Amino acid sequence: MTPKERMAIAPQAMPEQDAQVRAHNMNEVALGYTAEMAKTEASRCLQCPTKPCMQGCPVAIDIPGFLAAAAEGDFATALKIIRKTSLLPAVCGRVCPQEKQCQKFCTMGKVLKDVDKAVAIGRVERFCADLARESGTEEPVTCAPKTGRKVAVIGSGPASITCAADCAKAGHDVTMFEAFHKCGGVLVYGIPEFRLPKSIVRHEVEGLKKLGVTIETNYCVGRTRKVADLIRKDGFDAVFVGTGAGLPKFMDIPGENLNGVFSANEYLTRANLMKAYLEGEADTPFWHGKKVAVLGGGNVAMDASRMALRLGAEKVYLIYRRSLEEMPARKEEVHHAKEEGVDFHLLENAKRILGDDKGFVNGLECLRYELGAPDASGRRSPVPIAGSEFTLDVDTVVVAVGNASNPLIPATTEGLEVNRRGNIVVDPETNMTSIPGVFAGGDIVLGAATVILAMGEGRRAAAGINAYLMKDRS
Amino acid sequence: MNKIVSKKQLSDNVFQMEVEAALIANERKAGQFIILMIDEALGERIPLTIADADPARGTITLIFQTVGATTLKLSKLNVGDALAAVLGPLGRPTSIRGANGEPAGHVVCVGGGIGVAPMHPIAQALKAAGNKVTIIMGARNKSLFVMEDEMRAIAGDDLILITDDGSSGRKGLVTEPLKELCEAGAVDEVIAIGPPIMMKFVALTTKPYGVKTVASLNTIMIDGTGMCGGCRVSVGGATKFVCVDGPEFDAHQVDWDQMLKRMGAFRPQEAAAKDHVCNLYKGI
Ligand SMILES: Cc1cc2nc3c(=O)[nH]c(=O)nc-3n(C[C@H](O)[C@H](O)[C@H](O)COP(=O)(O)OP(=O)(O)OC[C@H]3O[C@@H](n4cnc5c(N)ncnc54)[C@H](O)[C@@H]3O)c2cc1C
Ligand SMILES: Cc1cc2nc3c(=O)[nH]c(=O)nc-3n(C[C@H](O)[C@H](O)[C@H](O)COP(=O)(O)OP(=O)(O)OC[C@H]3O[C@@H](n4cnc5c(N)ncnc54)[C@H](O)[C@@H]3O)c2cc1C
Ligand code: SF4
Ligand code: FES
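Values in this document were obtained by computation on a predicted structure and should not be read as measured data.

Just to check I follow, could you spell out the overall build of chain B for this structure?
Regarding its fold elements, chain B presents nine helices and 17 strands. For chain B, whose C-alpha radius of gyration is 18 Å, the value lies close to the compact-globule estimate of 19 Å for 284 residues. Reported as C-alpha extents along the three principal axes, the dimensions of chain B are approximately 55 × 40 × 40 Å. Out of the 284 residues belonging to chain B, those deemed buried represent 55%. Summed over all atoms, the accessible surface of chain B reaches about 11,200 Å², with 51% contributed by carbon and sulfur. Measuring between centres, the 29 positive side-chain charges of chain B sit 3 Å from its 31 negative side-chain charges.

Okay, here's the thing in structure tokens:
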């Protein structure tokens, strides 16, 4: 095919559940390509010699390489190429902000002057991974001979899953410790089923077990046992800390402790992890919000507002103090939220939450904003318009303005260096912390970031751990 | 899986269970709690204080009152059954006068209802640190008292029993003997555990005397690791997470009215769930 012919192929739209129907069920919104669609979409790739898309990929997947195989219908080879650098393609294909990463740099999108018309790299990636998983044709992974070294992996989010897998493959004895009763981190408690089916996360965790990783749930390192004791008493030779950014930020506005105000973490955890939406079956109670305001503009805010619709809200307002342009959420999620009926209130911000005499939310006072001069981050900073207060009639407020890093491990681990924000400081090449043999990665190092970056960190740390454990062996 | 190795009914609706949890038994300190689940698929996570622990046997003791769906289900489990999940020890340990830099002195422990159970390890530790320990145990009536013998073993003659109806000990509220002790002027510290309304009035009672008063809060929780903020309270005007910053706080700084309201957030749903479980057990 000539480049011209490739450019003439129409971008393949993602089959989706109808917006009105899906707003009331938990099933996945994006249904996935058929093999034919995946092949066609992959055929759009121009095989640019400079591979611009790869620059945008945080783990430098050989994108034209896997797309060439997929275009031939050889999805197994495509997956093999992806797996060289990415461990979680079924997850990343679904949740990566592709429009800001690989697809942002894609020549096709540039030529057609629309990033939405770039090659849909993520969707093809997802197809390859789904096909292998659903047909049971994933290539078995083999582990190197046992090294006799023990590695403790703390947390079970994407950073930890990756680090555990790589360490197990290198022949180390790996034990994963997770505070919750289920593994997956944000992938199980935060990101909803309708965006990332939990069966996929379970499959990845099962994969770890097949590699011989021991999993200890309901084990809070720092409390059940300190990091130092894992090393001193339990004989672990190296420790990886992948405990995430699980400390919800609030806005510090009046009324935030009223009944009906939730952090997005609580709201989503009740629904996702504790299955509160199965009312009458799940024991964790369900909050019947009819008019819900969600504060924030990231993925977390999109998930919370779309979850509110699915939990039966009649009206969901999304309150964000900048404009659509500055919204950090994945573009597709913003689009889906709008389609499903979330009411976007841009350039507005919550000022005060109002409550009745029993302490329940009954309103939200907001202020209108306008965009001023660009701030340090280059984004135009929002400036409140004096006297523009107005009140929204709501019974529920979900605060989704970000997460800070969980201080439990730093607070219980002597000598572990953290920065001003409480993130663990690591050597950028090995991900080793200030304590020899203790490594860290993911959101606990980066601050609230992304799945792909967490995965990349887990991988780099595993390499660091290998080098550290084997240095006296070579 | 944490096996139940012994079970005892202490009163109409209060049960004691000893559960296998070797690591927790080793690590726990007075004032800490666990979060348990009966069923990991659809169960709820509930916090209970570690009333006692036996590191040699690798067990912890829980004492709980059946107030809703999960505690009811828990009370139906028997020796040999297992809990699906036990996470802990959570929260900061109690700061024990005499062992924390403050000189030992006279500490008054006020336990209301089931709050006596979590008070037990604290009173033990206070005694061991050389304090004079007075214990005030309050309940609506005699049948609701738990651990009277254990508490007497610690406080001896300084155990004060008081009931709403006078069916055991003095008739009245825990705040009355507390006020008299403060009045007499020989109290260095007060620790209160019980229903929030009781803790609120304990704080109001000691405030005029400027006696340091600590309360152990029992807010609604989910994860217990600081991840959700569901357990938050206002203390001295700042928002604190009970599961990681507490559970104990300066009782004079806690916004009790707000906490009382927050504990009622899910009351209708909880009542419905309890009825549902009660009906299930009726059918058996
Ligand atoms: C609602 C929501 C939506 C998101 N959407 C996207 C998206 O669309 N795309 C994207 O790329 N990113 C998204 N993110 C961000 C992404 O999920 C995170 O960046 C990523 O999960 C970080 O991975 P991690 O492995 O560092 O930690 P986490 O996934 O946070 O996992 C940490 C784990 O460690 C456990 N833990 C913590 N402390 C302890 C302890 N002391 N002992 C034992 N275990 C402990 C926690 O329980 C948790 O399971 C979203 C985040 C949220 C909250
Ligand atoms: C740190 C901590 C330690 C605790 N220690 C103990 C203990 O040692 N023994 C014990 O019996 N209980 C203790 N509790 C209280 C216990 O967690 C609750 O009783 C339990 O969660 C109720 O669950 P349920 O499903 O049976 O009832 P639910 O259906 O959840 O609630 C039933 C009723 O109990 C009230 N309630 C709900 N949550 C609490 C709560 N956290 N505290 C008090 N009342 C509540 C509700 O308002 C409702 O009226 C502790 C709580 C905390 C936070
Ligand atoms: S930039 Fe786009 S067209 Fe070029 S190789 Fe990458 S995916 Fe293909
Ligand atoms: S219980 Fe979730 S933060 Fe305390």
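Once you've had a look at it, read on.
Please explain the packing of helix α5 (residues 175-184) of chain B against helix α6 (residues 196-206) of chain B as it appears in this structure.
Any two packed helices are characterised by the angle at which their axes cross and by the distance between the axes. Residue and element names in this part refer to chain B. Two elements in contact, α5 and α6, have axes separated by 10 Å at closest approach and are oriented at 20 degrees. The orientation of α5 with respect to α6, classified from their angle, is roughly parallel. Seen from above, α5 lies across α6 with right-handed handedness. Two secondary-structure elements touch here, α5 through Thr175, Leu178, Lys179 and Cys182 and α6 through Phe201, Val202, Thr205 and Thr206.

Sorry if this is basic, but what is going on with the packing of α6(B) against helix α8 (residues 256-263) of chain B here?
Residues and elements named next belong to chain B. It is at 10 Å that the axes of α6 and α8 come closest, and there the two elements cross at 180 degrees. Relative to α8, the element α6 lies roughly antiparallel. Together, Pro196, Ile197, Met199, Lys200 and Ala203 of α6 and Trp256, Asp257, Met259, Leu260 and Met263 of α8 make up the contact between the two elements. A per-class count over the contact of α6 with α8 returns eight nonpolar, no polar and two charged.

Explanation requested: the interface of chain A and chain B in the structure shown.
Interfaces are often sized by the accessible area lost when the parts come together. Listed per partner, the contact involves 45 residues of chain A and 44 residues of chain B. Both sides of the chain A and chain B interface together cover about 3,600 Å² of buried area, and 54% of this is carbon and sulfur. Counting the surface chain A buries against chain B, the share from its top three residues, Arg223(A), Asn257(A) and Asp283(A), is 22%. Our enumeration of links across chain A and chain B arrives at two salt bridges. A salt bridge links Glu27(B) to Lys226(A); the shortest N-O distance between them is 3.6 Å. Sorting the residues of the side of chain A that touches chain B by element identifies β5 (247-248), β6 (261-263) and α15 (264-271) of chain A as the ones contributing at least two each. Considering each element in turn, the side of chain A that touches chain B owes the most residues, four residues, to α15(A). Split by residue class, the side of chain A that touches chain B holds 18 nonpolar, 14 polar and 13 charged.

What is the right way to read unusual backbone geometry from this model?
Generally, phi is negative for residues other than glycine and the peptide bonds are trans, each holding for most cases. Of note, the bond from Gly88(B) into Pro89(B) is cis; its omega dihedral lies within 30 degrees of zero at -5 degrees. Within the secondary structure, Pro89(B) is located in strand β8 (residues 85-90). A cis geometry characterises the amide bond from Gly246(B) onward to Pro247(B), with omega recorded as 15 degrees. Tracing the backbone shows Pro247(B) in the loop between α7 (242-245) and β17 (248-250). Positive phi outside glycine occurs at Lys113(A), with the angle close to 55 degrees. You can see Lys113(A) is positioned in the loop between α9 (107-111) and α10 (121-135). In the Ramachandran plot, Asn431(A) falls in the positive-phi region, its phi being about 65 degrees despite a non-glycine side chain. Structurally, Asn431(A) can be placed in the loop between α18 (408-412) and β16 (438-440). Residue Asn431(A) is classed as buried on the basis of its relative accessible area, which comes to 0%.

Can you walk me through the sheet that holds strand β2 (residues 173-177) of chain A in this structure?
Pairing between the strands of a sheet is mediated by backbone hydrogen bonds and can be parallel or antiparallel. Residue and element names in this part refer to chain A. Reading across from one edge, β3-β2-β1-β4-β16 is the order of the five strands in this open sheet, with parallel pairing throughout. If you trace the sheet from one side to the other, it starts and ends with β3 (214-216) and β16, each paired once. The average angle at which neighbouring strand axes cross in this sheet is 20 degrees, direction not considered. Sheet strands touched by helix α11 (residues 158-169): β1 (150-154), β2 and β4 (238-241). Its angle to β2, the strand with the most contacts, is close to 165 degrees.

Would you take a moment to explain the site of ligand 3 for this structure?
All names here are of chain A. The environment of ligand 3 is formed by Cys45, Leu46, Cys48, Pro52, Cys53, Ile63, Pro64, Leu67, Cys106, Thr107 and Ile121. Looking at the shell around ligand 3, the elements that each hand over two or more residues are α4 (52-56) and α5 (63-71). Examining the composition of the shell around ligand 3, we find that three residues originate from one element, α5, more than from any other. Counted by class, the shell around ligand 3 contains 10 nonpolar, one polar and no charged residues.

What exactly am I supposed to notice about empty space enclosed by the protein here?
Left-over empty space is what a probe sized like a water molecule reveals as it rolls over the atoms. For the structure shown, the criterion picks out four cavities of 30 Å³ or more. Of the volumes computed, that of the largest cavity is approximately 150 Å³. Along its surface, the largest cavity is lined by 19 residues, and Asn259(A), Ile220(B), Gly230(B), Arg262(B) and Ala265(B) are the ones closest to its centre. Broken down by secondary-structure element, the contributors of at least two residues to the lining of the largest cavity are β6 and α15 of chain A together with β15 (232-235) and α8 of chain B. Looking at which element gives the most residues to the lining of the largest cavity, the answer is α8(B), with three residues. For the lining of the largest cavity, the residue count by class is 11 nonpolar, four polar and four charged.

Looking at this model, I keep getting lost on the nonpolar core. Mind explaining?
Soluble globular proteins: nonpolar side chains tend toward being buried together. Residue and element names in this part refer to chain A. Of all hydrophobic cores here, the largest spans 81 residues; its most connected members are Ile63, Phe66, Leu67 and Ile465. The biggest single contributor to this core is helix α20 (residues 451-470), with eight residues. Other than its neighbours up to four places away in sequence, Ile63 contacts Cys53, Met54, Cys57, Cys102 and Ile121.

Just checking my understanding: could you explain the sheet that holds strand β14 (residues 212-216) of chain B for this structure?
Residue and element names in this part refer to chain B. Pairing is mixed in the open sheet, where seven strands are placed in the order β12-β11-β10-β9-β13-β14-β17. In this open sheet, the two edge strands, each paired with only one partner strand, are β12 (170-171) and β17. By the bridge criterion, three bridges tie β14 to β17 in an arrangement that is antiparallel. Each residue of the ladder has a partner; that of Ser216, found in β17, is Glu248. Docked against the sheet, helix α3 (residues 116-128) engages β9 (106-112), β10 (132-139), β13 (189-193) and β17, running at close to 170 degrees with respect to β9.

Cut-offs used in this document
Along each chain, residue indices are assigned from 1 in the same order as the chain's sequence is written. Numbering of ligands from 1 and lettering of chains from A proceed in the order in which they are written. Two thresholds apply to this predicted model, a pLDDT of at least 70 for residue-level local features and 80 or more for giving and counting side-chain atom pairs, whereas whole-chain, interface and lining totals are computed over all residues. Here the side-chain values reflect all heavy atoms present in the structure, with hydrogen atoms and water set aside. The numbering of helices and of strands both runs from the N terminus, where a helix is a DSSP run of H or I of at least 4 residues and a strand a run of E of at least 2. The atom set for the radius of gyration is the C-alpha atoms, and the globule formula is 2.2 Å times the number of residues raised to the power 0.38. Each residue is assigned to one of three classes by its accessible area relative to the maximum for its type, calculated with a 1.4 Å probe on protein chains only: buried under 20%, partly exposed between the two thresholds, exposed over 50%. All accessible areas in this document rest on Shrake-Rupley with a 1.4 Å probe, and a residue is counted as covered only by the protein chains that are shown. Just so you know, the count uses Lys and Arg for positive and Asp and Glu for negative, and it drops His and the chain ends. Each charge is placed at NZ for Lys, CZ for Arg, CG for Asp and CD for Glu. The convention used is that axes are lines fitted to C-alpha atoms, helices contributing only their stretch in contact, and that angles between N-to-C directions extend from 0 to 180 degrees. The cut-offs work like this: below 35 degrees is roughly parallel, past 145 is roughly antiparallel, 65 to 115 is roughly perpendicular, and the gaps in between are oblique. Each crossing gets its handedness from the near helix: less than a right angle anticlockwise from the far helix is left-handed, clockwise is right-handed. By definition in these notes, contact holds between two residues if any of their heavy atoms fall within 4.5 Å. Nonpolar residues are Ala, Val, Leu, Ile, Met, Phe, Trp, Tyr, Cys and Pro. Charged residues are Asp, Glu, Lys and Arg, and all others, Gly as well, are polar. Here the quantity called buried area is the total loss of accessible area, with a 1.4 Å probe, experienced by two parts when brought into contact, counted for both. A carboxyl oxygen of Asp or Glu within 4 Å of a side-chain nitrogen of Lys or Arg is what we treat as a salt bridge. Paired strands, as defined in this entry, are two strands with at least two bridges between them according to DSSP. Whether a residue is near a molecule or strand depends on its heavy atoms: if one lies within 4 Å, it is near. With a 1 Å grid spanning the protein atoms alone, the term cavity applies to any set of points in which a 1.4 Å probe fits but cannot get out, the term pocket to an open set with protein on both sides within 12 Å along at least five of seven lines, and the term lining residue to any residue with an atom within 4 Å of a point. Grid points are joined across faces, edges and corners, and a volume is the space filled by probe spheres set on the points. Buried residues of nine kinds, namely Ala, Val, Leu, Ile, Met, Phe, Trp, Tyr and Cys, make up a nonpolar core once their side-chain atoms join them within 4.5 Å.

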